[in-house]
Amino acid sequence: MPAPRLSVVVTRRLPEVVETRLKELFDVELRDSDVPMTREELVAAMTRADVLVPTITDHIDANMLAQAGERLRLIANYGAGVDHIDIASARSRGVLVSNTPGVTTEDTADMAMALILAVTRRIPEGLALMQAGEWSGWAPTALLGGRIGGKRLGILGMGRIGQALAKRARSFGMQIHYHNRRRLRPEVEYPLEATWWESLDQMISRMDVISVNCPHTPSTFHLLNARRLKMLKPSAVVVNTSRGEVIDENALTRMLRSGEIAGAGLDVFEGRHEINPRLRALPNVVLLPHMGSATYEGRAEMGEKVIINVKTFADGHRPPDLVVPGMV
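Quick caveat: nothing in here was measured; it's all calculated off a predicted structure.

Rules of the game
Residues numbered from 1 in each chain as written. Predicted model: local features only at pLDDT ≥ 70, side-chain atom pairs only at ≥ 80, totals over all residues. Heavy atoms only, no water. Buried < 20%, exposed > 50% of the residue type's maximum accessible area, 1.4 Å probe, protein only. Helix = DSSP H or I, 4+ residues; strand = E, 2+ residues; numbered from the N terminus. Pairing = 2+ DSSP bridges. Contact = heavy atoms within 4.5 Å. Axes fitted to C-alpha atoms, helices over the stretch in contact; angles between N-to-C directions. Patch = residues over 30% accessible without salt bridge, like charges linked within 9 Å, V, L, I, M, F, W, Y side chains within 5 Å. Areas by Shrake-Rupley, 256 points an atom, 1.4 Å probe, with all protein chains shown as cover. Salt bridge = Lys/Arg side-chain N within 4 Å of Asp/Glu carboxyl O.

**Overview of the pairing of strand E11 (residues 263-266)**
With burial as the criterion, each face of E11 is covered, one bearing Gly263 and Gly265 and the other bearing Ala264 and Leu266. With 4 bridges connecting them, strand E10 (residues 237-240) and E11 associate as parallel partners. Following the sheet pairing, Asn240 is matched in E11 by Leu266. Inspection of the sheet shows E11 paired to strand E12 (residues 285-287) by 3 bridges, in the parallel sense. Each residue of the ladder has a partner; that of Gly265, found in E12, is Val286.

**Some thoughts on the environment of Ile308**
With respect to the secondary-structure elements, Ile308 resides in helix H13 (residues 296-314). Relative accessible area serves as the criterion here: at 46%, Ile308 is assigned to the partly exposed category.

**Describing the sheet that holds strand E1 (residues 7-10)**
An order of E2-E1-E3-E4-E5-E13 is seen for the 6 strands of this open sheet, with the pairing classed as mixed. Of all the strands in the sheet, just strand E2 (27-29) and strand E13 (322-323) have a single pairing partner and so form its edges. Bridge count between E1 and E2: 3 bridges; the pairing is parallel. Following the sheet pairing, Val8 is matched in E2 by Val28. Across the sheet, helix H2 (residues 39-48) is in contact with E1, E2 and strand E3 (51-53); its angle to E1 comes to roughly 165 degrees.

**A word on unusual backbone geometry**
Phi is positive for Arg122, close to 60 degrees, though the residue is something other than glycine. Arg122 gets classed as partly exposed once you look at its relative accessible area, which sits at 27%. In this model, Glu193 sits at a positive phi of 50 degrees, which is unusual for a non-glycine residue. The topology assignment puts Glu193 in the loop between helix H8 (186-192) and strand E8 (195-196). A relative accessible area of 52% means that Glu193 is categorised as exposed.

**As for a nonpolar patch on the surface**
Together, Met130, Trp135 and Trp138 make up an exposed nonpolar region whose accessible area comes to about 460 Å². Looking at the secondary structure, you find Trp138 in the loop between helix H6 (123-131) and strand E6 (152-156). The exposed category is assigned to Trp138, whose relative accessible area is 72%.

This is how it looks when you write it as structure tokens:
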């Protein structure tokens, strides 16, 4: 008799190729609806699964894990960020957590660069003018934006995505600066001609563009708070493709409305899908619905990572992308 297959519950609709491969390998319960599970549905799923495959929309806290029972052994997250999962509580109950790092690096860096260009060159304002049928022809002073060549880009978080963004920005002639917990190795830093700032305060006051590329952790919550945002030059632009919680969104909104900051490009928000209505009304803000990793290739590769983690665990080995409390 063949060994029983792992019971896997998937909380959201995934790309068809990913769902099909999961079904071939495991005893999988797929989600018919793309509506996120309720808290009660998540707890129920954890009680009947050996492996749970959640996404960023599934918040799994200590109380929910305490109700999961003894069956759940692995949370194989579909995505790199794991700030929605209580890692320490999971580990204390013997539940492993894995993620899918690295596969959306290029896609997210592309989106950060796109946002920089969209805000500085006022692309959405031009698009809105055309769609409204209000363009009356070229004019020498219409919709003037800023040239990014020669401008200083300050990258907050110089990991995989930060470095990929730096490479793109260099090709546009931008000067690369970064703040990180640790300075990059010389062989990484030198080709980017990047300048490391140990002090975030000192860096942001000198930058033309700030790009947030660090994860959300307790130490990065509101890292760009009201005090630091006030250090920015009035001509500065802020871009965020990482996590909304890194920026004090209310303070950012106030400063954008008052003209203390020139513009912002946001793919993530502090309230997740609940967008501050005052942000929507600002012409100097580009808002996107968390599209940083939204490519066919990226989402399929995320699924492949999930499958590898679950299959490795099923074979009795440590998942290659295991997350431990010290990593977050």
